[in-house]
Structures are given as C-alpha cells and as structure tokens.
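Analysis of the macromolecular model
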Amino acid sequence: QVQLVESGGGLVQPGGSLRVSCAASGFTFSLYSMSWYRQAPGKERRLVASITPAGASTIFLDSVKGRFTISRDNAKNTMYLQMNSLKPEDTAVYYCHIFYHSQGYWGQGTQVTVSS
C-alpha cells in the first residue's frame, strides 16, 4: 500500500540549486518521520536528512548542513529537499524512505547530477 514517488531531479551547475520532492500515499503521512537518502555510483546509500512528523525536528548529514533544507507539507502528503550551493560530490540518486510497521519502504529515486 505504501508508495513513495520522487521527482525534481536533474542536471545543475555547481553552486546551483534544486528541489526534489517525494509524494507519499498509502499511509497517514502526518504521523511518520520521513527521510532522504542518496547513493552515488560505487558508493553505499547513506542518510542525507530526516524530518519528524510535524516538521519540528530535522537532522542532516554533516556535509550538507547549511546547504540543504528538508521540509514537508502534510496537507499535500509531500516531503521536499531543497538543495542549495550544490557541489559535484552531491551527485547521486536521491531516495525517499519511511519505516512503516517495522518495514522500510523506498521510492524509485531521482537522479541529481551536479556538473559544469
């Protein structure tokens, strides 16, 4: 029943900005923490940011602190990751994730490429 669909990825120049979105369905979105992960070629998938149900608390990977902002619109069942001052090392597939009833769920991912 749980479905997560990412969108908004693309090609951006270093120093640029991009916002990726995760549209969720199949569960009560406002009751669950949500996370963004990313996976670069040849590297492990890692947590980038997380947000609590009402958006009161957020956490970030150290390398993106001050540049990325995670947010959510519970009325739209959507989570966002605003990425500013992008660097080539941010290039990765970005995935939406939730732990729901003891099971992890992933979206299909959206490619973000930072290159000049």
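So, a few notes on the structure that sits alongside this text. For clarity, every value in this text was computed on a predicted model and none was experimentally measured.

Let's talk about the pattern of salt bridges
Here the structure, examined in full by the defined rule, presents three salt bridges. One salt bridge connects D90 with R38, and the closest N-O pair in it is separated by 3.0 Å. Within this pair, whereas D90 is found in the loop between β8 (78–83) and β9 (92–100), its partner R38 is found in strand β4 (residues 34–39), the two being separated by 52 residues in sequence. Accessibility expressed as a relative area gives 1% for D90, which makes it buried. Because the salt bridges share partners, they merge into one network encompassing R38, R67 and D90.

As for the packing of aromatic side chains
Applying the stated criterion across every chain, the model contains seven aromatic pairs. Judged by centre distance (5.9 Å) and plane angle (80 degrees), the rings of F27 and Y32 are edge-to-face. Each member of the pair, F27 as well as Y32, carries the same accessibility label: buried. A centroid spacing of 5.7 Å and a plane angle of 45 degrees characterise the contact between F27 and Y100, whose relative ring orientation is tilted. Of the two residues, F27 is situated in the loop between β3 (18–25) and β4 and Y100 in strand β9; the sequence distance between them amounts to 73 residues. Judged by its relative accessible area of 10%, F27 falls in the buried class. Three or more aromatic residues joined by ring pairs form one cluster here, namely F27, F29, Y32, Y100 and Y105. One Lys or Arg, R45, reaches over the ring of W106 and ends 4.5 Å from the middle of that ring. The cationic tip of R72 hangs over the ring face of F29; the distance from NZ or CZ to the ring centre is 4.3 Å.

A word on the pairing of β9
Among the nine residues in β9, eight count as buried, and that is most of the element. The pairing of β4 with β9 spans five bridges and is antiparallel. For S35, the partnering residue across the bridge sits in β9 and is H97. Both β9 and strand β11 (residues 110–114) contribute to a ladder of three bridges, which runs antiparallel. If you follow Y94 over to β11, its bridge partner there is T110. Pairing of β9 with strand β10 (residues 103–106) involves four bridges; the strand directions are antiparallel. Within β10, the residue paired with F99 across the bridge is G104.

Cut-off values and rules
- Residues numbered from 1 in each chain as written.
- Predicted model: local features only at pLDDT ≥ 70, side-chain atom pairs only at ≥ 80, totals over all residues.
- Heavy atoms only, no water.
- Salt bridge = Lys/Arg side-chain N within 4 Å of Asp/Glu carboxyl O.
- Helix = DSSP H or I, 4+ residues; strand = E, 2+ residues; numbered from the N terminus.
- Buried < 20%, exposed > 50% of the residue type's maximum accessible area, 1.4 Å probe, protein only.
- Phe/Tyr/Trp six-rings, centres within 6.5 Å; stacked < 30°, edge-to-face > 60°.
- Lys NZ or Arg CZ within 6 Å of the ring centre and 35° of its normal.
- Pairing = 2+ DSSP bridges.

None of this, on its own, says anything about what the molecule does.
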